[in-house]
Amino acid sequence: MAACRVSPVPPLQWFGATYVELFRNAPLSVLMLLFVFGLTKAGVGPYSFFASAIVVLSIYTSAFLAETFRAGINTVAAGQAEAARAIGLTFPQTLGIVVFPQALRTVVGPIGNLFIALIKNSSIASVISVLELSKRSNLLIDQQGVSPIPVFLGAAVAYLILTLPSGFLVGYVERKVSIKR
Amino acid sequence: MADEALVVLQGVNKWFGDLHVLRDIDLTIDRGEVVVVIGPSGSGKSTLCRVINRLEPIQKGTITIDGVALPEEGKELARLRADVGMVFQSFNLFAHKTVLQNVTLGPIKVRKTSKAQAADQAMTLLERVGIADKAKRYPAELSGGQQQRVAIARALAMDPKVMLFDEPTSALDPEMIKEVLDVMLDLAQDAGMTMVVVTHEMGFARSAARRVVFMDQGAIVEIASPEQFFSNPESERAQDFLSKILAH
Ligand SMILES: Nc1ncnc2c1ncn2[C@@H]1O[C@H](COP(=O)(O)OP(=O)(O)OP(=O)(O)O)[C@@H](O)[C@H]1O
Ligand SMILES: [Mg+2]
């Protein structure tokens, strides 16, 4: 996404900008509800709640990530990219070999913050999952007499699967920052 | 060396928006020739360098290098650019790479040279510019003069047909200017490199350049030998300009 926004190709720039603006400014809970319930209603799906939450959170967070990266890219002096082009590197090589690695250094801190936010945001998913699960489980219990306990256990596990890797990522990012300083 | 045209600019015009920065530039640079470009600030000297390897596109005219017209942005252009070395006022070494990596990057990624061979060649070049002992250092650990010599080695590593220098010494402390100019003189005189050099260093122009190109307001006003240009410039604008830079 960040590559789109700094690319010399206008349609890619527009795509990148639209994506970022759309998902960065929409409230997460609305996006979440839209995906989880809206799509099912529209006959697309039904996807599992877990998959929908992952999709929404990734889209949402990636919009912020893209902006953070773009800021990082802009801090890498234009002279660096120019020198790369001058020795004959192509545009993708210039980004991948010269610009991104340097941009990454300047954005590790902000990205750490983003992942922390991601964890917090996943709690929105949990609120919705409670809503949905209670509805679903009531339904299940009513219609088929299934016990709700395993269903809630499943939800807890799903939540952990969502948060634990994020926690590891934050740790990883923080280690990187500490190396740099 | 035969007087064979290597870089040919014909009717080159460039605008930045409404600003006409290059006006009908006609200039032919022969193989092995050293041309010094001089002129007041904003006259288009940097832009002239930048259009020769098409870091900036032109709106009118043609530029050929060794008989090949510069293509549009893309893979082909990248390949052609590799044949044109460029040295910047602000060095622009890759800050996250060591000196050696700075010099080997182009040969490995663009020329597809093996790592071992690229490193060998790089060390030879670093010796030539007198900085082999710093091969493992990062740019930030080097002085300006040392960084600029690395930048010259980085450009040379691509085995370019022509080298462009955009005010290579004007960001340097006085005591480091000579070490860079010496490397450039060596390139011009011993290696017979074709060079376009934007500089106000008259000593360099006198000893290395065959022609001086004087630019003002985006146009070439005068082309003359260094002796003639510095002692007896034809155009009033050149006289005016020289009296100003000679004043301090
Ligand atoms: N990217 C750009 N966008 C808009 N205008 C530009 C750009 N680069 C240069 N210019 C303008 O083009 C004109 C020529 O600039 P250029 O840098 O080629 O001059 P110069 O002769 O190298 O000057 P100096 O001696 O100060 O380096 C100037 O008026 C400058 O402001
Ligand atoms: Mg300039």
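Structural data are supplied above this passage.
Before going into details, it helps to say that this report is about the structure given with it.

Reading the values: rules and limits
- Residues numbered from 1 in each chain as written.
- Chains lettered and ligands numbered in written order.
- Predicted model: local features only at pLDDT ≥ 70, side-chain atom pairs only at ≥ 80, totals over all residues.
- Heavy atoms only, no water.
- Helix = DSSP H or I, 4+ residues; strand = E, 2+ residues; numbered from the N terminus.
- Contact = heavy atoms within 4.5 Å.
- Core = buried A, V, L, I, M, F, W, Y, C linked by side-chain atoms within 4.5 Å.
- Buried < 20%, exposed > 50% of the residue type's maximum accessible area, 1.4 Å probe, protein only.
- Axes fitted to C-alpha atoms, helices over the stretch in contact; angles between N-to-C directions.
- Parallel < 35°, antiparallel > 145°, perpendicular 65-115°, else oblique.
- Left-handed = near helix turned anticlockwise from the far one by under 90°.
- Nonpolar A, V, L, I, M, F, W, Y, C, P; charged D, E, K, R; others polar.
- Near = heavy atom within 4 Å.
- Polar contact = N/O pair within 3.5 Å; in protein donor to acceptor, adjacent residues only side chain to side chain.

### Here we look at the environment of Arg23 of chain B
Residues and elements named next belong to chain B.
So, point 1. Structurally, the position occupied by Arg23 is in strand β2 (residues 19-30).
So, point 2. Sequence spacing of Arg23 and Ala219 is 196 residues, and the spatial spacing of their C-alpha atoms is 5.0 Å.
So, point 3. Setting aside chain neighbours within four positions, we find Arg23 in contact with Val12, Asn13, Gln217, Gly218 and Ala219.

### Here's the deal with the nonpolar core
So, point 1. The biggest cluster of nonpolar side chains holds 52 residues, and the ones touching the most others in it are Leu126, Ile152, Met163 and Met195 of chain B.
So, point 2. The element best represented in this core is helix α6 (residues 174-189) of chain B, accounting for nine residues.
So, point 3. Setting aside anything within four residues of it in sequence, one finds Ile152 of chain B in contact with Val87, Met163, Phe165, Val180, Val183, Met184 and Leu187 of chain B.
So, point 4. Counting 41 residues, the second-largest nonpolar core is a separate cluster that includes Ala86 of chain A together with Val7, Ile29 and Val213 of chain B.

### Quick word on the packing of helix α5 (residues 144-156) of chain B against α6 of chain B
The geometry of a pair of packed helices is captured by two quantities: the angle between their axes and the separation between those axes.
Residues and elements named next belong to chain B.
So, point 1. Interhelical geometry of α5 versus α6 gives an angle of 20° and a closest axis separation of 8 Å. Put simply, α5 runs roughly parallel to α6. Judged by the sense of rotation from one axis to the other, the crossing of α5 with α6 is right-handed. Contact residues: Gly144, Gly145, Gln146, Gln148, Arg149, Ile152 and Leu156 in α5; Met176, Glu179, Val180, Val183, Met184 and Leu187 in α6.
So, point 2. Residue composition of the contact of α5 with α6, by class: seven nonpolar, four polar and two charged.

### A few points about the site of ligand 1
Residues and elements named next belong to chain B.
So, point 1. Near ligand 1 the following residues occur: Phe16, Leu19, Val21, Pro40, Ser41, Gly42, Ser43, Gly44, Lys45, Ser46, Thr47 and Glu167.
So, point 2. At a separation of 2.7 Å, an oxygen atom of ligand 1 approaches a polar side-chain atom of Ser46.
So, point 3. Residue Glu167 places a side-chain N or O atom 3.3 Å away from an oxygen atom belonging to ligand 1.
So, point 4. Elements with a minimum of two residues in the shell around ligand 1: β2 and α1 (45-52).
So, point 5. The element best represented in the shell around ligand 1 is α1, accounting for three residues.
So, point 6. When its residues are assigned to classes, the shell around ligand 1 shows four nonpolar, six polar and two charged.

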